[in-house]
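Fold and contact review
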Amino acid sequence: MKLQLLPGGLFIEGTLRQDYRFNPLNGALELSLEEAAAEDGCTADKVTAVLACALASLAGQEPDRLLVASLVVGDRQFLMRQLSVLLDDSQRWLSARCSDCDAVFDLNYRPSSLPIKSAGQDFPESAVQINGTSYRLRLPTGADQSNLDPRKSSEEQQLQLLASLLNPIPDVSTLSPQDIEILDQTLESMAPEVALQLLAPCPHCQMENTLDLDPYQSLDSSPDALLSEIHRLASSYHWSQQEILDLPRRRRQHYLQLIESNRNSHTMEAGH
Ligand SMILES: [Zn+2]
């Protein structure tokens, strides 16, 4: 199997490790991913639960939630997008309204075709100067996101998060907009990133429009489709639920196609 690499990575005993591997995709994994996505908690908690379930190895270790939560946000978004490529890399359609002429238009993309930016040289921590004081600034992780106080406004959360990434921790009230700008730029230069926006020219007026992409789109899938597939296979072949869940996804889909084509030929015979 091709070695897969994170655009950032984890430092394990002083060495940067970027390797990861997903578990083989079968019904059992799909069902546990959907259950993990449905757990209580904030988006960051769900992402941690889903990735801990999906990954067979991470940075040479057997992943648990603690290890997954220690990944920087860009790596977590990258893994969620790779997971959606693994689950279904078919064309996605987006509908947009042109910001200039108001026309509605569609565009499509494949998750695997979206660009990825590797981490910068100082990843995941670099030195910054604010008001004559030297700080270490590190990139935010999943654990940092999970620790945000949901009762606060998103601006307050962002400010709190920014302060917690600095060592020593400054008094947030002393940070000017220019200081925050410098910190944001430093974070941006270090961070691994996946594309979170698509540029699309309007087919009517050629105006360039920016469309948002959800990096956590695969959290939204519901188990309904999988459960109905299990039902169809169980009805036709009388296999147990466990036997069906153990089938690799490709084989499950092949059997479903056979059931479908068999049903169609019966319908045609009945029509004669
Ligand atoms: Zn337009």
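Everything discussed here concerns the structure shown above.
Cut-offs applied
- Residues numbered from 1 in each chain as written.
- Predicted model: local features only at pLDDT ≥ 70, side-chain atom pairs only at ≥ 80, totals over all residues.
- Heavy atoms only, no water.
- Pairing = 2+ DSSP bridges.
- Helix = DSSP H or I, 4+ residues; strand = E, 2+ residues; numbered from the N terminus.
- Axes fitted to C-alpha atoms, helices over the stretch in contact; angles between N-to-C directions.
- Contact = heavy atoms within 4.5 Å.
- Parallel < 35°, antiparallel > 145°, perpendicular 65-115°, else oblique.
- Left-handed = near helix turned anticlockwise from the far one by under 90°.
- Nonpolar A, V, L, I, M, F, W, Y, C, P; charged D, E, K, R; others polar.
- Phe/Tyr/Trp six-rings, centres within 6.5 Å; stacked < 30°, edge-to-face > 60°.
- Buried < 20%, exposed > 50% of the residue type's maximum accessible area, 1.4 Å probe, protein only.

Right, let's talk about the sheet that holds strand E3 (residues 55–58) for a bit. Across the sheet, 3 strands lie side by side as E1-E2-E3; this open sheet has antiparallel pairing. The open sheet has two free edges, formed respectively by strand E1 (4–12) and E3, since each of these has just one partner strand. Adjacent strand axes in the sheet meet at a mean angle of 30° when their direction is disregarded. Pairing geometry for E1 and strand E2 (residues 15–22), over 5 bridges, is antiparallel. Directly across from Phe-11, in E2, lies its bridge partner Leu-16. Along the sheet, helix H2 (residues 43–54) contacts E2 and E3; its crossing angle with E3, the most-contacted strand, is approximately 90°.

Attention shifts here to the packing of H2 against helix H4 (residues 73–87). Packing of H2 against H4 brings their axes to within 11 Å, and their N-to-C directions diverge by 55°. The angle between H2 and H4 falls in the class oblique. When the axes of H2 and H4 are compared, the crossing they make is left-handed. Touching Ala-44, Val-47, Thr-48, Val-50, Leu-51 and Ala-54 of H2 are Arg-76, Leu-79, Met-80 and Leu-83, all from H4. Within the contact of H2 with H4, the residues separate by chemical class into 8 nonpolar, 1 polar and 1 charged.

Turning next to the packing of aromatic side chains. Tallying each qualifying case throughout the model produces 5 aromatic pairs. On the numbers, 4.4 Å between centres and 10° between planes, the contact of Tyr-237 with Trp-239 is stacked. Aromatic pair Trp-239 and Tyr-255: ring centres 5.0 Å apart, planes at 75°, arrangement edge-to-face. Of this pair, Trp-239 sits in the loop between helix H8 (224–237) and helix H9 (241–246) while Tyr-255 sits in helix H10 (residues 249–271); the two residues are 16 residues apart in sequence, bridging distant segments of the chain. What makes Tyr-255 partly exposed here is its relative accessible area of 23%. Three or more aromatic residues joined by ring pairs form one cluster here, namely Tyr-20, Phe-22 and Phe-78.

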